[in-house]
Amino acid sequence: MKNIQKIITALITVVFAIVLPIGINANDSFIAGEGLEPLEKVQKDFIYENREIQGQTIAVPISKNKCILYRVRVNLAIEGKINEFVEELKQRNAESETSGWMQWQIGQRKVENENTGDSLVLIKTYYVKGGVHPVSFIQGMTFDKKGNEIPFKEQKPIEKLLKTDIDKWVKTTAKKEGHQIFEDTNVEELPQNYYIGRNGKTYVLFQEYDIAPYSEGWIALPVEN
C-alpha cells in the first residue's frame, strides 16, 4: 500500500510525457491514501452531477445526507472548491495552455459516525501543454456533525501533535511510512491540511515537493490518536 502512490505517480509521468490529456475530467479511479476509497462507491451518501467547466464535463459530488442543514453546508463547501478550481484553471490558461481535472475520495463517513461528519479528499491536477508531467494538489475537507468544516488545529490528535517536535515527528513518521524525503528538510510548522480515514486515523497532508521529490507525490502522514 505504501508504494502504490509512487507507482501511480511514475506511470502518470510516463503517460503524460507521451500523450496530451484531452479533458478536464479524469475517470480512472485510484486510492489517494490510507483509509480512503473512491467517492463513487458510496452512492447512498453522495451522488455525482455532471457540470460543464471550461468546455469539458466534470463530475461534481453532492451530499445526500438526510439532514438538510448538513447537506447544504457540505455542498456549499464543495461548490467553493469547484469555483476555486475553475478560477485556477483560467489563470493557468492565461499563461500557458493547460488541462485540468478533479478526483474525489472519501475517508470517514457520517453515516458510520454519529459524532462527526464526512471527511473528503480533493485531488486537483493540472497539465501544461508540452510539459514533462502533470502537477497535482491534494486537499482534505472534514466536517462536524452539523456540516461545518473542522479547522486543522481543532482536531484533538493535531492539538497533541503541535506540542511535539514537528520536524522530528515528520522525519521519523515519513521514514516509518517508507517515504524518501529531502535530506535538508526542516519542517517548522505543519500544513493546514488533513483528513480522517475510514480507519479512524488522522492524516496530515503534504503537497508534491513540500518535503520530498516529485517521485514521492503528495504525502499523507498518520497521527497517533
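Each remark here, short or long, concerns the structure printed above.
Caption draft 1: Highlighting the overall build of the protein chain. Looking only at helices and strands, one finds four helices and nine strands in the protein chain. Starting at the N terminus and ending at the C terminus, the protein chain contains elements arranged as α-β-β-β-α-β-β-β-α-α-β-β-β. Across the 225 residues of the protein chain, 48% fall into the buried class. Taking as baseline every contact in the protein chain between residues at least 6 positions apart, the subset at least 24 positions apart corresponds to 59%. As displayed, the protein chain has an accessible area near 12100 Å², and 51% of this comes from carbon and sulfur atoms.

Caption draft 2: Seen up close, the packing of aromatic side chains. Here the structure, examined in full by the defined rule, presents five aromatic pairs. Residues Y195 and Y203 carry aromatic rings whose centres are separated by 4.9 Å and whose planes lie at 10° to one another, so their mutual orientation is stacked. For the residue pair Y195 and Y203, the accessibility class agrees, reading buried in each case. Members of the aromatic cluster, connected to one another through ring pairs, are F85, Y126 and F137. Directly above the ring of Y126 sits R92, whose terminal nitrogen or CZ lies 4.1 Å from the centroid. Between K110 and the ring centre of Y70, over which it is positioned, the NZ or CZ distance is 4.9 Å.

Caption draft 3: Spatial organisation of the environment of G147. Tracing the backbone shows G147 in the loop between β6 (135–144) and α3 (156–161). Excluding residues within four positions of it along the chain, G147 makes contact with Y70, R73 and V74.

Caption draft 4: Examining the side chain of N193 more closely. Tracing the sequence through the fold places N193 in the loop between α4 (166–176) and β7 (194–196). Side-chain polar atoms of N193 contact the backbone nitrogen of G140, separated by 2.8 Å. Once residues within four sequence positions are removed from consideration, N193 is found in contact with I138, Q139, G140, F152, Y203, V204, L205 and Q207.

Caption draft 5: Up close: the pairing of strand β9 (residues 219–223). Counted residue by residue, β9 has five buried out of five residues, so it is predominantly covered. Alternating positions in β9 separate into two faces, I219, L221 and V223 on one and A220 and P222 on the other, with burial throughout. Where strand β8 (residues 202–206) lies against β9, five bridges are found, and the strand directions are antiparallel. Each residue of the ladder has a partner; that of F206, found in β9, is I219.

Caption draft 6: How the structure looks around the pattern of salt bridges. By the definition in use, this model includes 11 salt bridges. D45 serves as the salt-bridge partner of R109, at 2.6 Å between the closest nitrogen and oxygen. Here D45 lies in the loop between β1 (37–38) and β2 (46–53) and R109 lies in the loop between β4 (98–106) and β5 (116–128), a separation of 64 residues in the sequence. D45 carries the same exposure label as R109, and that label is buried. Among the salt bridges present, the one from K124 reaches E88, with a minimum N-O distance of 3.0 Å. With K124 in strand β5 and E88 in helix α2 (residues 68–95), the pair connects residues that are 36 residues apart, well separated along the chain.

Caption draft 7: Spotlight on the environment of I62. Mapped onto the elements, I62 comes out in strand β3 (residues 56–63). Exposure remark for I62: the relative accessible area of 18% places this residue in the buried category. Excluding its chain neighbours within four sequence positions, the residues that come into contact with I62 are D45, F46, I47, E49 and N75.

Caption draft 8: Region of interest: the environment of V204. For V204, the position within the fold is in strand β8. A residue is classified by how much of its surface remains accessible, and V204, at 0% relative accessible area, is buried. Expressed as a C-alpha distance, the spacing of V204 and V170, which sit 34 residues apart in the sequence, is 9.7 Å.

What counts and how
All residue numbers refer to position in the chain's written sequence, counted from 1. Under the rules for a predicted model, residues below a pLDDT of 70 receive no local features and side-chain atom pairs below 80 are neither given nor counted, while totals for whole chains, interfaces and linings still include all residues. Only heavy atoms go into the side-chain values, all of them from the structure, while hydrogens and water stay out. Think of it this way: any DSSP run of H or I at least four residues long counts as a helix, any run of E at least two long counts as a strand, and we number them from the N terminus. Relative accessible area decides the class of each residue, using a 1.4 Å probe on protein chains only: under 20% of the type maximum gives buried, over 50% gives exposed, and in between gives partly exposed. Any two residues having at least one pair of non-hydrogen atoms within 4.5 Å are treated as being in contact. For every accessible area listed, the method is Shrake-Rupley and the probe measures 1.4 Å; residues are considered covered only by the protein chains on display. Aromatic rings from Phe, Tyr and Trp, with only the six-membered ring used for Trp, were paired whenever their centres fell within 6.5 Å, and each pair was classed as stacked if the ring planes differed by under 30 degrees, edge-to-face if by over 60, and tilted otherwise. Two thresholds decide whether a charge sits over a ring: the Lys NZ or Arg CZ must be within 6 Å of the ring centre and within 35 degrees of the ring normal. Think of a polar contact as two N or O atoms within 3.5 Å of one another; within protein, one of them needs to be a possible hydrogen donor and the other a possible acceptor, and neighboring residues in sequence only count if both atoms come from side chains. Here, any two strands with at least 2 DSSP bridges between them count as paired. What counts as a salt bridge is simple: a side-chain nitrogen of Lys or Arg found within 4 Å of a carboxyl oxygen of Asp or Glu.

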